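Understanding the architecture of this molecule
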Amino acid sequence: MSSVITWAEFERVDLRVGTVLEVQDFPKARKPAYQLKIDFGSEIGILQSSAQITVHYTKEELLGKQVVAVVNFPKKQIANFFSECLVTGFADEKGDIILTSVDKKLPNGAKLS
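All of the points below concern the structure found in this document. Residue indices follow the written sequence of each chain, beginning from 1 at its first position. Residues qualify for local features only when their pLDDT is at least 70, as the model is predicted, and side-chain atom pairs are given and counted only at 80 or more; totals for whole chains, interfaces and linings, by contrast, use all residues. Derived side-chain values reflect all non-hydrogen atoms in the structure, with water molecules and hydrogen atoms excluded from consideration.

1. Some remarks on the overall build of the protein chain
Counted only if it meets this: For the purposes of this entry, the term helix denotes a DSSP run of H or I that reaches at least four residues, the term strand denotes a run of E that reaches at least two, and both are numbered from the N terminus. Only protein chains enter the accessibility calculation, which uses a 1.4 Å probe; a residue whose area is less than 20% of its type maximum is buried, one above 50% is exposed, and one in between is partly exposed. Whether two residues are in contact is decided by their heavy atoms: any pair within 4.5 Å suffices. For every accessible area listed, the method is Shrake-Rupley and the probe measures 1.4 Å; residues are considered covered only by the protein chains on display. The charge count includes Lys and Arg as positive and Asp and Glu as negative, but it does not include His or the ends of the chains. To locate a charge, the coordinates of NZ of Lys, CZ of Arg, CG of Asp or CD of Glu are taken.
Summing up its helical and strand segments, the protein chain has three helices and nine strands in all. Its helices and strands in sequence order give the protein chain the pattern α-β-β-α-β-α-β-β-β-β-β-β, from N to C terminus. Counting only C-alpha atoms, the protein chain reaches 40 × 35 × 30 Å along its principal axes. Counting across all 113 residues of the protein chain, residues that qualify as buried make up 35%. Across the protein chain, every contact between residues at least 6 apart in sequence was considered, and the portion connecting residues at least 24 apart equals 57%. For the protein chain, the accessible area works out to roughly 7700 Å², and carbon and sulfur atoms hold 55% of it. Taking the 14 positively charged and 14 negatively charged side chains of the protein chain as two groups, their mean positions are separated by 4 Å.

As structure tokens, this is what we get:
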């Protein structure tokens, strides 16, 4: 288990549901990755993210998929791309990422509560 955090620290993490609108290959990334455009609704808008999820997901599978992402990190430059949110997932036995998702459709921007 990681170090213990306070409830107040956890509440600062803004986890939202968004729908993947666009998926592009990211050839300049060091590890195979996609560039995603994700709609988080009118309050947050459309954010982009780099995600190393090419092993388990095709571009076609990702289009329209709802994902869970942290939306209140600072932008992170990866090669010539700025990632504006962190798409969440779990590593499988080989270390490849399986996305965190919801099992029923939610409005874009719905917040983890």
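2. A short note on the sheet that holds strand E7 (residues 86-87)
Test applied: Strands are labelled as partners when DSSP assigns at least two bridges between them.
Judged by pairing direction, the sheet is antiparallel, and its five strands sit side by side in the order E3-E2-E1-E4-E7 without closing on themselves. Of all the strands in the sheet, just strand E3 (46-51) and E7 have a single pairing partner and so form its edges.

3. Things to note about unusual backbone geometry
In this structure, Ala 79 is a non-glycine residue whose phi angle is positive, near 55 degrees. Among the structural elements, Ala 79 can be located in the loop between strand E5 (76-78) and strand E6 (81-83).

4. Overview of the nonpolar core
Convention followed: By convention a nonpolar core is built from buried Ala, Val, Leu, Ile, Met, Phe, Trp, Tyr and Cys residues, the set being connected through side-chain atoms within 4.5 Å.
With 17 residues, the main nonpolar core has Leu 36, Ile 38, Ile 53 and Leu 62 as its most contacted residues. No other element matches strand E2 (residues 34-39), which puts three residues into this core. Excluding its chain neighbours within four sequence positions, the residues that come into contact with Leu 36 are Val 20, Glu 22, Val 23, Leu 47, Gln 48, Ser 49, Ala 51, Ile 53, Leu 62 and Val 87.

5. So, the pattern of salt bridges
Test applied: The term salt bridge refers to a side-chain nitrogen of Lys or Arg lying within 4 Å of a carboxyl oxygen of Asp or Glu.
Inspection of the entire model under this criterion finds five salt bridges. Measuring nitrogen to oxygen at the nearest pair gives 3.6 Å for the salt bridge that ties Glu 43 to Arg 16. Pair noted here: Glu 43 is in helix H2 (residues 41-44) and Arg 16 is in strand E1 (residues 15-25), with a separation of 27 residues, a long-range link. A residue is classified by how much of its surface remains accessible, and Arg 16, at 8% relative accessible area, is buried.

6. Some points on the environment of Ile 44
Tracing the backbone shows Ile 44 in helix H2. As for Ile 44 and Asn 108, which are separated by 64 residues in sequence, their C-alpha atoms are 9.3 Å apart. Residues contacting Ile 44, with those up to four places away along its chain left out, are Arg 16 and Val 71.

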